[in-house]
Amino acid sequence: MDSAIQLISDGDGLAVIGSPTAVERFLVSEGLPSKDLELQRLAPALRAAAGAAQAGSEIAANSGRWVKLTRESAQLVDKYGLRTSSKTNLSSGVLKGNNGQIKGFVEFVKSPGSLRPNPALLAGAAGIMAQLAMRQAMDEITDYLATIDEKVDDVLRAQKDAVLAGMIGAGLVIEEAVTVRERVDRVSEVTWSKVQAAPTTIAHTQAYALRQLDALAEKVEHKAKIGDLAKTSKEAASKVQEWLAVLARCIQLQDAIAMLELDRVLASSPEELDLHRLGLRAARQNRLELISQSTDHLMARMDAAAGTANTKVLLHPTASRTVVHSSNHVATAVLDFQGRLGIERDRQSLEARRWVDAATEVRDKVLETGTAGVDAARRVGNETFDRARSVTDKLSSGIAERALRRRGDDEEG
């Protein structure tokens, strides 16, 4: 039995194809969890393609497993020196079973054996890999929605807007299509006709949610008074999770549509499957970039607000603390959301400075700056004295007024 295996990576996952024994041995040796690649799904689509007999025999003889690319599994691409094709954007190679050396590259292997190259089989395998990656992403979003305080269904039910209502309906139709597809292992013309209009509805909802996040950022940006800033920041912190949940649901449904699309292309135009896969990948990346820009903008505005609050912590300790805490709340929610979608960002959480720490810092700066410090201290002292005198005057005035009123009451009595 041939112990060589094919390794194919599309940047999201790694396919391991070969005899069942060789594939299992490789995965165990590397300690990698995997899923069935479901190569048998390619057989109907490849019957009419060139080299169908060869492809059919390869599918029958070989097993395929799919591994999600994590930091550990991604190292295999470098470890085994897989080569990337400029046409397919796939990294691939044929690995010898005995000594772990590259025997050849999938697209260019010329030697006889069970792992002869077949463009249709390679494209089909890449298409299924993309579907498995989409399903994995959908499951991760489901887990994300289950961990936030308010489930997406609860958030959506609370909304009265017709745009969100449309997405709820589209989601029901898409979920039904995915359920049918998993039962019959294909997407029929009838099933596809039900979901064709859904992408437009979802795109409208995504744009609406992004506008809501942008509006929150603008409100924070335009507040100058620390009291108004505290109120607006607190409102943003309470609303941001809801709109992130809506965006997550949009991405989840868009991935489901893409998964159904690949099935339709595989059945109707298998020769276009690889190009369609690359197109869907680029479209998804563009969507994520838009979301990244909007959420980064919101975090930047919240960080700026926190910076402003920290400069005013002496005079407004409570409001300043509210702003910084709200900023950190938003940052935590956004970074968790971005991480679930594969959008990596680095940010150091701001910490609200205690009033005593801020006062100590001012005192130290005053002592270090000599004459300027004396002047600053005098100004700070005068301002403090003026505020104290103002409060004292008001209290004295109030006491005097109350005394006069009592005297007048006594005289009348």
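Calculation criteria
Counting starts from 1 at the beginning of each chain's written sequence and moves along it residue by residue. In keeping with the predicted nature of the model, local features appear solely for residues at pLDDT of at least 70, side-chain atom pairs appear and are counted solely at 80 or more, and the whole-chain, interface and lining totals rest on all residues. Excluded from the side-chain calculation are hydrogens and water; included are all heavy atoms of the structure. Residues enter a nonpolar core if they are buried and are Ala, Val, Leu, Ile, Met, Phe, Trp, Tyr or Cys, with the set joined through side-chain atoms within 4.5 Å. When a residue's accessible area, from a 1.4 Å probe over protein chains only, is under 20% of the maximum for its type it is buried; when over 50% it is exposed; and in between it is partly exposed. Only runs of H or I of at least four residues qualify as helices and only runs of E of at least two qualify as strands under DSSP, and these elements are numbered from the N terminus. The contact definition used throughout considers only heavy atoms, calling two residues in contact when any of these lie within 4.5 Å. Basic side-chain nitrogens of Lys or Arg form a salt bridge, by our definition, when they fall within 4 Å of a carboxyl oxygen of Asp or Glu. Every angle, taken between N-to-C directions, lies between 0 and 180 degrees, and every axis is a line fitted to C-alpha atoms, over only the stretch in contact when it is a helix. Note on terminology: angles under 35 degrees are roughly parallel, angles over 145 are roughly antiparallel, angles of 65 to 115 are roughly perpendicular, and the others are oblique. Here is the rule for handedness: rotate from the far helix to the near one, and if that takes an anticlockwise turn smaller than a right angle the crossing is left-handed, while a clockwise turn gives right-handed. By this rule the span expected of a helix is its residue count minus one, scaled by 1.5 Å. Only when DSSP finds a minimum of two bridges between them are two strands counted as paired. This arc corresponds to the set of directions leading from the helix axis out to the C-beta atoms. pLDDT measures how confident the predictor is about each residue, on a scale from 0 to 100. Here the aromatic set is Phe, Tyr and Trp, taking the six-membered ring for Trp, and pairing holds for ring centres within 6.5 Å; pairs whose planes are under 30 degrees apart are stacked, those over 60 apart are edge-to-face, and all others are tilted.

Here's the deal with the nonpolar core
Okay, step 1: With 83 residues, the main nonpolar core has Leu-37, Ile-174, Leu-213, Val-240, Leu-244, Leu-298 and Phe-337 as its most contacted residues.
Okay, step 2: Counting only elements with at least two residues in this core, the list comes to strand S2 (13-18), helix H5 (119-147), helix H7 (162-184), helix H8 (189-195), helix H9 (198-221), helix H10 (226-268), helix H11 (273-311) and helix H12 (317-340).
Okay, step 3: For this core, the element with the most residues is H10, which contributes 23 residues.
Okay, step 4: Among residues more than four places away in sequence, those in contact with Phe-337 are Tyr-144, Leu-244, Leu-247, Ala-248, Ile-291 and Thr-295.
Okay, step 5: In terms of nonpolar packing, the next biggest core, distinct from the first, is built from 16 residues, Leu-14, Val-16, Val-23 and Leu-69 among them.

Remarks on the pattern of salt bridges
Okay, step 1: By the definition in use, this model includes twelve salt bridges.
Okay, step 2: Measuring nitrogen to oxygen at the nearest pair gives 2.8 Å for the salt bridge that ties Asp-255 to Arg-284. With a gap of 29 residues between them, Asp-255 in helix H10 and Arg-284 in helix H11 connect regions that are remote in the sequence.
Okay, step 3: When its relative accessible area of 1% is taken as the criterion, Asp-255 is described as buried.
Okay, step 4: The shortest N-O distance in the salt bridge between Arg-340 and Asp-336 comes to 3.4 Å. In this pair, Arg-340 and Asp-336 are both assigned in helix H12, four residues apart and thus about one turn of the helix distant.
Okay, step 5: Given a relative accessible area of 32%, Asp-336 falls into the partly exposed group.
Okay, step 6: The structure contains a network of salt bridges with shared partners spanning Arg-135, Asp-139 and Glu-182.

Brief notes about the packing of H11 against H12
Okay, step 1: Axis separation between H11 and H12 bottoms out at 8 Å; the angle between their running directions is 160°. In this view, H11 runs roughly antiparallel relative to H12, as classed from their interaxial angle. Here the hand of the crossing between H11 and H12 comes out left-handed. Across from Ile-291, Ser-292, Thr-295, Asp-296, Leu-298, Met-299, Met-302, Asp-303, Ala-305, Ala-306, Ala-309 and Asn-310 in H11, the residues of H12 making contact are Ser-320, Val-323, Val-324, Ser-326, Ser-327, Val-330, Ala-331, Val-334, Leu-335, Phe-337 and Gln-338.

Remarks on H12
In an α-helix, one turn spans 3.6 residues, which is why side chains three or four residues apart end up on the same side.
Okay, step 1: The end-to-end C-alpha separation of H12 is 35 Å, in line with the 34 Å expected for 24 residues at 1.5 Å each.
Okay, step 2: Downstream of H12 by one or two residues, Gly-342 has phi in the positive range, about 85°.

Some points on unusual backbone geometry
Okay, step 1: Positioned with a positive phi, Asp-185 is a non-glycine residue whose angle comes to about 65°.
Okay, step 2: Mapped onto the fold, Asp-185 is located in the loop between H7 and H8.
Okay, step 3: Among the residues examined, Asp-185 registers a relative accessible area of 44% and is labelled partly exposed.

Details of the pairing of strand S6 (residues 91-95)
Okay, step 1: For S6, a buried count of five out of five residues is recorded, marking the element as mostly surrounded by other parts of the structure.
Okay, step 2: The pairing of strand S5 (residues 83-84) with S6 spans two bridges and is antiparallel. Paired with Thr-84 across the two strands is Ser-91, which belongs to S6.
Okay, step 3: Where S5 folds back onto S6 in an antiparallel hairpin, the turn is made up of six residues, including Asn-89, whose phi is positive at roughly 60°.

Remarks on the environment of Gly-11
Okay, step 1: One can find Gly-11 in the loop between strand S1 (5-9) and S2.
Okay, step 2: Each C-alpha atom, one on Gly-11 and one on Asn-89, is 8.5 Å from the other, the two residues being 78 residues apart in sequence.
Okay, step 3: Setting aside anything within four residues of it in sequence, one finds Gly-11 in contact with Leu-69 and Arg-281.

Observations regarding helix H1 (residues 20-30)
Okay, step 1: Among all positions in H1, only Ala-22, Val-23, Phe-26 and Leu-27 are buried. With its buried residues spanning 125° around the axis, H1 presents them on a single face. Relative to its buried face, H1 has exposed residues pointing more than 90 degrees away, namely Val-28 and Ser-29.
Okay, step 2: Backbone geometry just after H1 places Gly-31 at a positive phi near 65°.

Remarks on the confidence of the model for the protein
Okay, step 1: Looking at the protein, pLDDT values average 76 and 69% of them are 70 or higher.
Okay, step 2: Within the protein, the element-level pLDDT minimum falls on helix H14 (residues 370-412), averaging 47, and the maximum on H9, averaging 94.
Okay, step 3: pLDDT under 50 marks residues 346-350. Its contacts with residues more than four places away, or in other chains, come to twelve contacts.
Okay, step 4: In the model, residues 369-378 has pLDDT below 50 throughout and makes three contacts with residues more than four positions away in sequence or in other chains.

Re the packing of aromatic side chains
Okay, step 1: Taken as a whole and assessed by the stated rule, the structure comprises two aromatic pairs.
Okay, step 2: Look at Tyr-144 and Phe-337: their rings are 6.1 Å apart centre to centre, the planes differ by 55°, and that puts the pair in the tilted class. Of this pair, Tyr-144 sits in helix H5 while Phe-337 sits in helix H12, placing them 193 residues apart in sequence. The exposure classification of Tyr-144 matches that of Phe-337, with both residues buried.

Details of the environment of Glu-235
Okay, step 1: Along the polypeptide, Glu-235 turns up in helix H10.
Okay, step 2: What makes Glu-235 partly exposed here is its relative accessible area of 33%.
Okay, step 3: Sequence spacing of Glu-235 and Val-220 is 15 residues, and the spatial spacing of their C-alpha atoms is 9.5 Å.

So, the packing of H10 against H11
Okay, step 1: One can describe the packing of H10 onto H11 by two numbers: an axis separation of 11 Å at closest approach and a directional angle of 175°. Accordingly, the angle class assigned to the pair H10 and H11 is roughly antiparallel.

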